[in-house]
Amino acid sequence: MQNIPAASAGTHLGFAWGPGDILVYETLYKASGAIGSGCPCIHEVRKDEDIYSPILRKLFNESHHIFVGLQTIGEDLPSKNKKPQFVSISKNYRSVIRACMEELQQVAVSSKVADVATQYGNQVSILLAIELIWNLCEVLFIDAAPAGSLLLHLLDWVRLHKADVDEKAREVLQSESPAEHHDYWNVVVSYVLQGRLEEARQMLVKQATLQPAARSMYKLMDTLLSKMPFYNPGGTQTLTEFDVKWRHWHEEVDRCLQDNSFASNKHLEVICKILVGDEDTLLEHKDLLSTWYHFLVTRLLFCHPTVKPTELHYYAQSCLTMFLDSRSVPEPLDSILLAAFEFDIHQVIKDCSIALNNWWFVAHLTDLLDHCKLLQSHNLHFGSNLREFLLLEYASGLFTHHSLWQLAVDYFDHCPEFGRVYLELQIERVPLDTERKALKVLRICEQRQMSEQVRSICKIMAMRALRNNRLGSALSWSIRAKDAAFATLISEKFLQDYCARGTFSDLDLIDNLGPAMLLSDRLTFLGKYREFHKLYGEKRSGEAAKLLLSLMTAKIAPRSFWMTLLTDALPLLEQKEVIFSADQTHELMFCLEELTSLNTTAPGADGPMQDEDTELTKVELLRLALARNLARAIVKEGTVEA
Amino acid sequence: MFVARSIAADHKDLIHDVSYDFHGRRMATCSSDQSVKVWDKSENGEWHCTASWKTHSGSVWRVTWAHPEFGQVLASCSFDRTAAVWEEIVGESNDKQRGLSHWIKRTTLVDSRTSVTDVKFAPKHMGLMLTTCSADGVVRIYEAPDVMNLSQWSLQHEISCKLSCSCISWNPSSSRAHPPMFAVGSDDSNVTYGGKVQIYEYNENTRKYAKAETLMTVTDAVHDIAFAPNLGRSFHVLAIATKDVRIFKLVPMRKESTSTGPTKFEVQIVAQFDNHNSQVWRVSWNITSTLLASSGDDGCVRLWKANYMDNWKCTGILKGDGSPLSGSSGQPTAMSTVVGSSVHTSQNALNGMSAGRVGKRAPFAPPVRQLTSSKIYQHSAYY
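How each quantity is defined
Residues numbered from 1 in each chain as written. Chains lettered and ligands numbered in written order. Predicted model: local features only at pLDDT ≥ 70, side-chain atom pairs only at ≥ 80, totals over all residues. Heavy atoms only, no water. UniProt positions renumbered as here; feature names shortened; annotations may be inferred. Helix = DSSP H or I, 4+ residues; strand = E, 2+ residues; numbered from the N terminus. Buried < 20%, exposed > 50% of the residue type's maximum accessible area, 1.4 Å probe, protein only. Contact = heavy atoms within 4.5 Å. Pairing = 2+ DSSP bridges. Axes fitted to C-alpha atoms, helices over the stretch in contact; angles between N-to-C directions. Phe/Tyr/Trp six-rings, centres within 6.5 Å; stacked < 30°, edge-to-face > 60°. Expected span 1.5 Å × (residues − 1).

Per an unreviewed UniProt entry, chain B is named SEH1-like (S. cerevisiae), and its organism is Sparus aurata. Under the heading Sequence similarities (unreviewed entry), UniProt records this for chain B: "Belongs to the WD repeat SEC13 family."

As named in an unreviewed UniProt entry, chain A is Nuclear pore complex protein Nup85, taken from Sparus aurata. Regarding chain A, the relevant UniProt record gives this comment under Function (unreviewed entry): "Functions as a component of the nuclear pore complex (NPC)." As stated in UniProt under Subunit (unreviewed entry), the record for chain A gives "Component of the nuclear pore complex (NPC)."

Caption draft 1: Focus on the UniProt feature "repeat: WD" (unreviewed entry) in chain B. Residues and elements named next belong to chain B. Within this structure's numbering, the places UniProt gives as "repeat: WD" (unreviewed entry) are residues 8-40 and 273-305. Here residues 8-40 is 0% helix and 58% strand, with 14 Å between the C-alpha atoms at its ends. Structurally, residues 273-305 is divided into 0% helix and 58% strand, and its ends, taken at the C-alpha atoms, are 12 Å apart.

Caption draft 2: Focus on the side chain of E131 of chain A. Residue and element names in this part refer to chain A. With respect to the helices and strands, E131 occurs in helix 3 (residues 114-142). The buried category is assigned to E131, whose relative accessible area is 0%. If we skip the residues at most four places from it in the chain, E131 touches R94, I97, R98, L160 and H161.

Caption draft 3: Representation of the sheet that holds strand 11 (residues 129-134) of chain B. Residues and elements named next belong to chain B. Taking strand neighbours across the sheet as the criterion, the four strands line up as 10-11-12-13 in an open arrangement whose pairing is antiparallel. The open sheet terminates on both sides in strands that have one partner only, identified here as strand 10 (116-121) and strand 13 (154-160). With strand direction ignored, the average angle separating the axes of adjacent strands in the sheet is 20°. Where strand 11 lies against strand 12 (residues 138-143), five bridges are found, and the strand directions are antiparallel. Bridge pairing in strand 12 links T131 to I141.

Caption draft 4: Spotlight on the sheet that holds strand 1 (residues 2-8) of chain B. Taken in spatial order, the four strands make up an open sheet running 2(A)-3(A)-4(A)-1(B), and their pairing is antiparallel. The open sheet has two edge strands, strand 2 (12-17) of chain A together with strand 1 of chain B, and neither has a second partner. Taking each pair of neighbouring strands and ignoring which way they run, the sheet shows an average axis angle of 25°. Pairing of strand 2 of chain A with strand 3 (residues 21-27) of chain A, which is carried by six bridges, proceeds in the antiparallel orientation. From the neighbouring strand, W17 of chain A faces strand 3 of chain A, where its bridge partner is I22 of chain A.

Caption draft 5: Highlighting the environment of T55 of chain B. By secondary structure assignment, the location of T55 of chain B is in the loop between strand 5 (47-54) and strand 6 (60-65). What T55 of chain B contacts, discounting residues up to four positions off in sequence, is Q34, S35, V36, V60, S76, W86 and K105 of chain B.

Caption draft 6: Structural context of the packing of aromatic side chains. Summed over the entire model, instances satisfying the criterion amount to 41 aromatic pairs over all chains. With 6.2 Å between their ring centres and 15° between their planes, Y529 of chain A and F532 of chain A make a pair best called stacked. Taken as a pair, Y529 of chain A and F532 of chain A lie in helix 27 (residues 521-537) at a separation of three residues, close to a single helical turn. The buried category is assigned to Y529 of chain A, whose relative accessible area is 0%. Aromatic side chains W65 of chain B and W103 of chain B sit 5.9 Å apart centroid to centroid with 75° between the ring planes, which places their arrangement in the edge-to-face category. Taken as a pair, W65 of chain B in strand 6 and W103 of chain B in strand 9 (residues 102-109) lie far apart in primary sequence, 38 residues in all. Both residues of the pair, W65 of chain B and W103 of chain B, count as buried. Taken together, Y498, F504, F525, Y529, F532, Y536 and F561 of chain A form an aromatic cluster joined through their ring pairs.

Caption draft 7: Looking closely at helix 4 (residues 149-161) of chain A. Between the first and last C-alpha of helix 4 of chain A there are 19 Å, a value that for 13 residues agrees with the 18 Å anticipated at 1.5 Å per step. Residues S149, L150, L151, L154, L155, W157, V158 and H161 of chain A constitute the buried set of helix 4 of chain A.

Caption draft 8: A look at the side chain of H178 of chain B. Locating H178 of chain B in the fold gives a position in the loop between strand 14 (165-170) and strand 15 (181-186). Those residues within four positions of H178 of chain B in sequence are excluded, and the remaining contacts are S173, N230, S234 and H236 of chain B.

Caption draft 9: Fine view of the pairing of strand 3 (residues 26-31) of chain B. Residues and elements named next belong to chain B. Summarising burial for strand 3: six of the six residues are buried, a large majority. Side chains R26, A28 and C30 project from strand 3 onto one buried face, and the interleaved M27, T29 and S31 project onto a second face that is buried too. Note: strand 3 against strand 4 (residues 35-41), five bridges, orientation antiparallel. Directly across from T29, in strand 4, lies its bridge partner K37. Between strand 3 and strand 4, which pair antiparallel and follow one another directly, the connecting turn spans three residues, one of which, Q34, has a positive phi of 75°.

Okay, here's the thing in structure tokens:
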């Protein structure tokens, strides 16, 4: 729900879709008696602010690299061998999230503006939650650790996301007398809760030295802690062997508790109760556990270290209920984690889509899970569609940004069903602010054989150049667009320009037309006519004369331009040496007669014949020159033959 | 969602239409004050009015841009019974420096005897063609044969729809796949007159538009209509604003190769929403037709979205907060509070952990949990 300021009751909200926003304004659609009210304001409502965050940009950029790498991961490898690669890709994604989080955190802390700090702080909490969920999905779905290793991974997961113990420990250890610090026991217990027993023992030594009388009791606790078995997935020990060993240890701890070995020290007794997995004691330390999932992992550690993936959901549900007893409704994050523990991937993705305000997370996670073939096994029919649906949404969001859109292209490329049409629809709307940007967009379209978009972009650019009277640019864009009609139109303008000013602009372009010249007749003529000027300028009169004649006889030149061409022939006719042969001169005369007869039969035809007197003089001059040239040519040709 | 900025439109009366150009860098507004304004977006995203001129002698209902392949061209239609075509001319360079542009009227289309209620350019592959519809029930299709000379428009088709027309929409599908097709809606409220949405299709042989279909189930007044961009699908999707929002699928039925008549369609209703409670006035698709927006008598703009299994849901609501601001301010004071609250509702959703510890956050302390479960109105990432 978004409130728009200034729309009063009884009026309507008008709107218009923009590329990355929607414009909203107050209006009244009922035509009858519509009397204008007072707010002629238009509000630009944006959907996704994350895209404009400079720090999150890095997240988008770097995850794009990982995404592209994932798409090209050895298709030849059997999927079993890809698991380590998928896990490492998952870790890469997470480290990008972490890096962003750290940067945001720094900005949030250093910011002096409260609003900004809150905003960044909010983003940090979102990223934290995202990373927490991602990490759990990695453990459960991608790495899919079996019983034994599963708990170890979950412990790592909890330790990573409950790192405030370390800071507290540092504080305690840096104090003058750590053992007497008010947080001392909290730190010890926290260590135990996370299964960090080595660190707990080191802390306990400090207390033991202070209490020589209780030395044996501390010694006993130290032994219990040091003897607690942890499963070693790389070792030779089987899970059953480990289980037997762990049970022995557990019985030993239990015995100590029954013996009241620690009765005289309530702290050590608490630790002993934790080691034995006493639920009430654990729940008394809610403040140290702080979350139900920490509680879950601790409980598994000390009660069910060989928990199987399939049993997780049972413990998760019960831990959630036990931990949250005071609160009736679980938060979205709770439901998402619970769904993960239940191995309900679709529910995780669905809940994340609803709870989060951007598509980055669901799109990338779903894509990765899809590559792991996890979605297919769950739901064969919708698997690839879900991945594509989310990627399309994410990429469409990127496309609204003035530079991030380039990343989106790769995402669309990897959506087999609708990727291409989406790209076609989006890319033609990228603003072509500069020629450089237009070329960039064009290259992307050309690489993908998107011929209609290529044509349209060139056409737009050609039109824009023409409107701004940049004929050269307009011509080269319309050649790229293979737009014959437009090329004709622009060639016409070039020729008009020439007639008016006697010189050509954009010589470079016209001189290097090459085969592009064949796009339109008029363009061919423009190119050839310019070639004639070049030959003439280089004093290659014979070639120039031949070309000039062929422009008319081969009907390349438009009729309206013949008079100009014939006039161009005048200086060639008047040179000392004979350039036009007798045959050529005959042909020139024929052209002139054709032109004049045409003009008399159809008066007012187009062409530069406004002033009849000048035209008549010109024709007379031409006739004279042609006749003289014919005479000289006949004499010359006769002489050579003789 | 949040209000990024507000623009003081400075029209002296109701705004009736706002229209983005193809690339989203310009917009045009039209109003009961009989004028059209053109706005350009600067590098930093601010909107500047670069032209404002009186266009008609009545309320201007709609304004629309031609495809940029045809240059910078606008069309408007009005209560004054006319439609007009405007072209921007590249003016003196000092005008550009002052951030002004010149628009000149290329033509006035005066064929209608009643208010011209809608004006739309046809898809660009058909050339530069303009369609109008009017309260007298006639759809007119004009063509500019020479795109360099926009003062010449010829009336190519005149199609009588029998009912007062309120809106038209071209099917944006390419010519290769389908013959040109448009839908026209009528705001005649007499339900006994039957279907209020008609579909017309161009016939190559007769060179005329013929009625292909009437949506018989839509009997109430129709105020707006919009074909969705075709995503390479074999069917067409049409959104209709009537007493509710409706989305129809038009599936072309297999045609006898010898048949020369218009395509017949199987009409399926995909979704129907009465959340606006009463009349719906506008419907419009985003670029990729993943979102439909509608505006209704409840004073809201609602956003509709289908998930990947084609289930449609409301995914966002824009609502006036009933606190009119004094007209001139470009930066309404209400903005910050509105932004604040919306950011919170969407972001608190995933905040974790105990509420008391927000103040000092250790590096990567557990996420801060809000104990109240905040409601998410806006599922921007709807699945």
